[in-house]
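Breakdown of the fold
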Amino acid sequence: MRRIVVLALLVCYAITVVSQANGDAQSSQGHAAPGSRSVMDAHNCYPYYEWWYDRIDRALTAGTPVAIEQDLFWHTDARTGKSWSIVAHGAPISGREPTMEHYFFDRVRPVVEQALKDGNRGDWPLITLNLDFKTEETAHLEAVWQLLAKYQEWLTTAPKTVDKAVQPLKVGPILVLTGESDAQQTVFFDHVPAGGNLLVFGAAHTNTRDPMAAPEVLEPALADNYRRWWNNPWGVVEKGGQQQAGAWTEADEQRLRALVRHAHNHGLWIRFYTLDGATDKEESCNGWFRSYNFGSLQAAQARWTAAQQAGVDYIASDQYEELRALLRKGQTASLAANARCQQIPLVTNR
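Okay, so let's go over this structure. Since this is a predicted model, take the numbers as computed values, not measurements. (Residues numbered from 1 in each chain as written. Predicted model: local features only at pLDDT ≥ 70, side-chain atom pairs only at ≥ 80, totals over all residues. Heavy atoms only, no water.)

**Digging into the pairing of strand β6 (residues 174–177)**
Note the following rule: When a residue's accessible area, from a 1.4 Å probe over protein chains only, is under 20% of the maximum for its type it is buried; when over 50% it is exposed; and in between it is partly exposed. Helix and strand definitions follow DSSP, with helices as H or I runs of at least four residues and strands as E runs of at least two, each counted in order from the N terminus. When DSSP locates at least two bridges between a pair of strands, those strands are taken to pair.
Of the two faces of β6, the one holding I174 and V176 and the one holding L175 and L177 are both buried throughout. Pairing analysis gives four bridges linking strand β4 (residues 127–133) to β6, with the strands arranged parallel. Paired with T128 across the strands is L175, a residue of β6.

**Some remarks on the packing of aromatic side chains**
Keep this limit in mind: Planes of paired rings set the category: under 30 degrees apart is stacked, over 60 is edge-to-face and the rest tilted, where pairs are Phe, Tyr or Trp rings (Trp by its six-membered ring) whose centres lie within 6.5 Å. A ring is considered to have a charge above it if a Lys NZ or an Arg CZ atom is located within 6 Å of its centre and within 35 degrees of its normal.
In this structure the tally under the stated criterion is 16 aromatic pairs. One aromatic cluster is present, formed by Y46, Y48, W51 and W52 through successive ring pairs. Cation over ring: K160 sits above F189, and NZ or CZ is 4.4 Å from the ring centre. If you follow R303 out to its NZ or CZ, it ends over the ring of F294, 4.7 Å from the centre.

**Quick notes on the pattern of salt bridges**
Rules: Only one rule defines a salt bridge in this text: a Lys or Arg side-chain nitrogen within 4 Å of an Asp or Glu carboxyl oxygen.
Under the counting rule described, the total for this entry stands at 14 salt bridges. Ionic pairing is found between E321 and R58, a salt bridge with its closest N-O pair at 2.8 Å. Taken together, the residues E321 in helix α10 (residues 320–343) and R58 in helix α2 (residues 55–61) connect sequence positions 263 residues apart. Looking at R58, the relative accessible area reads 18%, which means it is buried. D280 is the partner of R290 in a salt bridge, and the nearest nitrogen-oxygen pair spans 3.3 Å. Highlighted residues: R290 in the loop between α8 (280–286) and α9 (297–310) and D280 in helix α8, separated in sequence by ten residues. The exposure class assigned to R290 is exposed, which follows from its relative accessible area of 51%.

**Regarding unusual backbone geometry**
With omega at 0°, the peptide bond leading from A91 into P92 counts as cis. Structurally, P92 can be placed in the loop between β3 (83–87) and α3 (100–118). A positive phi angle, near 55°, is found at W52, a position not held by glycine. With respect to the helices, strands and loops of the structure, W52 is situated in the loop between β1 (39–42) and α2.

**A look at helix α4 (residues 138–150)**
Rule in force here: Helix span, expected: 1.5 Å multiplied by one less than the number of residues in the helix. Think of it as the arc spanned by the lines of direction from the helix axis to the C-beta atoms.
For α4, which comprises 13 residues, the first-to-last C-alpha distance of 19 Å matches the rise-based estimate of 18 Å (1.5 Å per residue) to within 8%. Residues of α4 that are buried include every one of H140, L141, V144, W145, L147 and L148, and no others. Along α4, the residues classed as buried sweep out an arc of 160° about the axis, all on the same side. The exposed residues of α4 that point more than 90 degrees off its buried face are Q146 and K150.

The following block contains the structure:
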């Protein structure tokens, strides 16, 4: 019995040493470091027409840290010729859709201002703003850059240098991520002068010709100062994606872990979208897409759990409350296990 206790102590000690080493490596970035935590990513967190206007409230009520996806569309008024960015998935567009400043920045203001007042940076970034551009006009991208510059004091930034070598992040309450397109890089990175600040970070280029290819084929590049994350459909984990997924298997688990390990070894956050498990009625009344549905909450929960245990940084779902509750439960279980480890009495084999 004493030998078992001593063995348990040795295991706990080894875990502690590894955790401390990882912590030292990540200390300058805290929770912004890849692999430091799993965050609920509120997919399609914006209204459709007059419906589902409360999505951002639901996402924030679920608690921080949280990621919030905003789809952006460049709208031109046919009568006046005036153009502006709106939060919308696509046509038809009325022009009455909210702007991101109103729908996102005004809504998160109390959270951010309280965080800045408290000054407790331990959980920063509290909110990840995930930009999904549905149109990429240069004027659109430049307008979004100007909006982000207005809120620069809230944002996680990095200094722009003469090359693309990764620079330390200055972590703020909000982290802004965007897509992998070169048009976005031109405005959000190339046009930023050396000595300026990067306000938004792009995704790594992904080769999805064969979704089940080896991780290094799907994403061969290391993170650089601008491209710091990797965005993936679930079809790179389970062949055919949500619609063709069967029972969750050990092979699926190993595939998921290999992808996550590759991302973190390359200095990238990794995101998977979109993991839902709902009935047809739930899909219809909530405005969720059928293509992302595993068919049952239990099937989605199995993937959520596996993703958290594998260290996925951003787990996207339309089921904000259910996913956040599961992630909190998993985090509590992990903390409890560490606490039990610390409480084992020191017993030697005399």
